[in-house]
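What follows is the residue order along each chain.
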Amino acid sequence: MTHQFAAEYRAGNLSHGESCDLPHLIANPGRPHRPLLVESRSLPKRGLGSIEGRAALVHAIAHIEFNAINLAWDAIYRFRDMPAGFYDDWVSVAEDEARHFCMLEARLAELGFSYGDFDAHNGLWEMAVLTADSCLRRMALVPRVLEARGLDVTPGMISRLRSVGDSKTADILEIILREEVDHVAAGSRWFAWCCERDGADSRAMFSDLVDSLARGSLKGPFNVEARLRAGFTQAELAQLQILAA
């Protein structure tokens, strides 16, 4: 459905029309019956030395990508009266995330597993609910905190996968890492736009939001090069280092 609607949007067959209806809070987005959602601390640690361990890693990333599809569409649905470029960006992100999920789902099948075979957590969507009343907060905390975490940890995953001979999964993660920089950059771009619209200082606002709502999600070390390409400033990165300490 994501690929279908993205194609329709690009062809000019869909428009973001005016609506007098307020967006509904979507506490539970559409998802299959599995995987079972549990607290993140309940998820077992698995090494990459076994097929099951590597499948568990692929499954965890697939779950993030699945949630990211819903997050992109929710931003399109929820935040009204944004410039056309906002919707262009998040339709493109939704399509990328759907493609990422499909690549990971296919890799799971090659390893003998399916999406839903492992438990998962709901942290990404919990943050979506928490930020449903503000595009500024959504852009700050979902792309620039939770999704940006992938920029930090994925290079290490790639190295570990190659060290155990799993080049197929590593190659998929290389693609995802490269494209996720652009996704986080979209969050940076629209966070800055919202701050300018609201007359807020973007650096102070980002620091305050992270400190009050997402400090527990910050863990170093940070992938400085990727984060700079994704729209972070050196000052923001210095502040993140302090908050993560």
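Everything that follows concerns the structure shown earlier in this document.
So, here's what we can say about the structure. Predicted model, so just to flag it, every value in this text is computed and none were measured.

Section: the pattern of salt bridges
Logical step 1: Summed over the entire model, instances satisfying the criterion amount to 18 salt bridges.
Logical step 2: One connected set of salt bridges, linked through shared partners, spans Arg54, Arg107, Glu110 and Asp166.

Comments concerning helix α2 (residues 51-78)
An α-helical turn contains 3.6 residues, so any two residues separated by three or four positions project in the same direction.
Logical step 1: Between its terminal C-alpha atoms α2 stretches 40 Å, which fits the 40 Å expected from 28 residues at 1.5 Å a residue.
Logical step 2: For α2, the buried fraction is high: 22 of the 28 residues fall into the buried class.

A closer look at the layout of surface pockets
Logical step 1: Roughly 1700 Å³ of volume is contained in the largest pocket.
Logical step 2: Ser40, Leu43, Ala60, Ile64 and His121 are, among the 49 residues lining the largest pocket, the residues nearest its centre.
Logical step 3: Listed by contribution, the elements that provide at least two residues to the lining of the largest pocket are α2, α4 (123-130), α5 (135-147), α6 (149-163) and α7 (167-198).
Logical step 4: Per-element tally for the lining of the largest pocket: the top contributor is α2, with eleven residues.
Logical step 5: Within the lining of the largest pocket, the residues separate by chemical class into 23 nonpolar, 13 polar and 13 charged.

Topic: the environment of Val142
Logical step 1: By the secondary structure assignment, Val142 is in helix α5.
Logical step 2: For Val142, a relative accessible area of 2% translates into the label buried.
Logical step 3: Linking Val142 and Ala68, residues 74 residues apart in sequence, is a C-alpha distance of 9.5 Å.
Logical step 4: Setting aside its immediate chain neighbours within four residues, Val142 contacts Leu71, Met127, Ala128, Thr131 and Glu147.

What counts, and at which threshold
Residues numbered from 1 in each chain as written. Predicted model: local features only at pLDDT ≥ 70, side-chain atom pairs only at ≥ 80, totals over all residues. Heavy atoms only, no water. Salt bridge = Lys/Arg side-chain N within 4 Å of Asp/Glu carboxyl O. Helix = DSSP H or I, 4+ residues; strand = E, 2+ residues; numbered from the N terminus. Expected span 1.5 Å × (residues − 1). Buried < 20%, exposed > 50% of the residue type's maximum accessible area, 1.4 Å probe, protein only. 1 Å grid on protein atoms, 1.4 Å probe; cavity = no way out; pocket = protein on both sides within 12 Å on 5 of 7 lines; lining within 4 Å. Points joined across faces, edges and corners; volume = space filled by probe spheres on them. Nonpolar A, V, L, I, M, F, W, Y, C, P; charged D, E, K, R; others polar. Contact = heavy atoms within 4.5 Å.

As far as function goes, none of this settles anything; it's purely spatial.
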